[in-house]
Amino acid sequence: MAIFLTPDKVRNAYGIEIKEKILPDGSKNKPNRKLTSGVPQWVTIHNTDRIVTAEGTTQSEQYARATHNGNMSGVSVHYYIDDKDCWQTLREDEIGYHAADGYWGPGNCTTLAIEIIMDGSGKDYDKKAEDRGALLAATLLHQYNLGIDKLTTHSHWYSKTCPAYILPHWETFRKKVDVHLNRLNIGGDVDGDGKVTASDARLALRAAVGLEGLNETQKAAADVDGDGKVTAADAREILRKSVGIDEG
Ligand SMILES: [Zn+2]
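Structure report, in brief.

Quick notes on the rules
- Residues numbered from 1 in each chain as written.
- Predicted model: local features only at pLDDT ≥ 70, side-chain atom pairs only at ≥ 80, totals over all residues.
- Axes fitted to C-alpha atoms, helices over the stretch in contact; angles between N-to-C directions.
- Helix = DSSP H or I, 4+ residues; strand = E, 2+ residues; numbered from the N terminus.
- Parallel < 35°, antiparallel > 145°, perpendicular 65-115°, else oblique.
- Contact = placed C-beta atoms within 7 Å.
- Nonpolar A, V, L, I, M, F, W, Y, C, P; charged D, E, K, R; others polar.
- Core = buried A, V, L, I, M, F, W, Y, C linked by C-beta atoms within 7 Å.
- Buried ≥ 20, exposed ≤ 12 C-beta atoms within 10 Å, placed from the backbone.
- Pairing = 2+ DSSP bridges.
- Expected span 1.5 Å × (residues − 1).
- Arc of directions from axis to C-beta.

### Focus on the packing of helix 6 (residues 198-208) against helix 8 (residues 232-242)
It is the contact of helix 6 with helix 8, at a shortest axis distance of 8 Å, that shows an interaxial angle of 175 degrees. It follows that helix 6 is roughly antiparallel to helix 8 by the angle criterion. Contacts between helix 6 and helix 8 involve Ala198, Asp200, Ala201, Ala204, Leu205 and Ala208 from the former and Ala232, Asp234, Ala235, Ile238, Leu239 and Ser242 from the latter. Residues belonging to the contact of helix 6 with helix 8 are distributed by class as follows: nine nonpolar, one polar and two charged.

### Regarding the nonpolar core
If you look at the biggest cluster of nonpolar residues, it comprises 52 residues, and the most contacted ones within it are Tyr80, Ile81, Ile114, Ala137 and Ala204. Examining the composition of this core, we find that eight residues originate from one element, helix 3 (residues 124-143), more than from any other.

### A few points about the pairing of strand 6 (residues 111-118)
Burial analysis of strand 6 places eight of its eight residues in the buried class, which makes it a mostly covered element. Burial along strand 6 is two-sided: Thr111, Ala113, Glu115 and Ile117 facing one way and Leu112, Ile114, Ile116 and Met118 facing the other are all buried. Strand direction decides the pairing type here: strand 4 (residues 79-81) and strand 6, joined by three bridges, are parallel. Bridge pairing in strand 6 links Ile81 to Ile116.

### Focus on helix 5 (residues 170-186)
Taking 1.5 Å per residue, 17 residues should reach 24 Å; helix 5 reaches 24 Å between its end C-alpha atoms and fits that length. Along helix 5, the positions that sit buried rather than exposed are Phe173, Lys176, Val177, His180, Leu181, Arg183 and Leu184. Along the axis of helix 5, the buried residues cluster in a sector spanning 165 degrees; they form a single face. Projecting away from the buried face of helix 5 at angles above 90 degrees are the exposed residues Glu171 and Thr172. Along its buried surface, helix 5 packs onto helix 3, strand 7 (151-153) and helix 7 (216-222).

### A look at the environment of Trp104
Considering the arrangement of structural elements, one finds Trp104 in the loop between strand 5 (86-88) and helix 2 (106-110). Judged by local crowding, Trp104 falls into the exposed class, with 11 C-beta atoms found within 10 Å. Measuring from C-alpha to C-alpha, the distance between Trp104 and Val179 comes to 33 Å, with 75 residues separating the pair along the chain.

### Focus: the sheet that holds strand 2 (residues 16-20)
Overall, mixed pairing links the seven strands, which are arranged 1-2-5-4-6-3-7 in an open sheet. Either end of the sheet is taken by a strand with one partner, and the two such strands are strand 1 (9-13) and strand 7. Adjacent strand axes in the sheet meet at a mean angle of 25 degrees, parallel and antiparallel pairs treated alike. Examined bridge by bridge, strand 2 and strand 5 share two bridges and lie parallel to one another. Residue pairing across strands places Lys19 opposite Trp87, the latter belonging to strand 5.

### Regarding unusual backbone geometry
Leaving glycine out, the prevailing phi sign among residues is negative, and the prevailing peptide bond configuration is trans. Omega for the bond connecting Cys162 with Pro163 falls within 30 degrees of zero, at 5 degrees, which places this linkage in the cis form. With a phi close to 50 degrees, Tyr14 is a non-glycine residue in the positive phi region. Given 24 C-beta atoms within a 10 Å radius, Tyr14 is considered buried. Phi is positive for Ser37, close to 75 degrees, though the residue is something other than glycine. Relative to the helices and strands, Ser37 is located in the loop between strand 2 and strand 3 (42-49).

Structure (structure tokens):
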């Protein structure tokens, strides 16, 4: 029976539950160096294939576990995400081996790597994995004040068809990330009209008490404190923003 990984920490970023299990320092499958300039300058998207998983676990956990037990050989990435789960295996300020552009390559040395686990079937789970990957990418761009021009592909750094399942419709994916990113950057624009108004606060409050269902982008926009839930506190903060009171 497989022994599954236990996360060191679980956090919620705009509705994505992230399980942290950082590859120990000194591991052979990471360079054990900080990113050039210390912070991410790009977010690089990869695809990796769905695999047969042990019963009772997820695609992401199985990949994260393989990273820890040496079954991924020399490879390491910051995030694995699928339709249900997400694991972080590198700190956000350290370099991974994912871009295949070498020890000093800019793909490895300046970027955060997200492996979106897909099979290209276009089935619901496949679309969901892609959608969750888009939201995760947006949260990271937002967090590091990066524009949509800093979202890129493995193929940008190295001659390889990756992310294989997303590249054929990369523009659509990029736009999806951009929509999330704009909403996150504005913060509180729940209805997506480009402004933060009292109606956004009202929508958030209705969602908080269960009177309104929000889609993923709306939830991310409404969750202004980023704790993964839309609450009355978010609604209050949105209302303050709408009348120009900045809590800072
Ligand atoms: Zn790749």
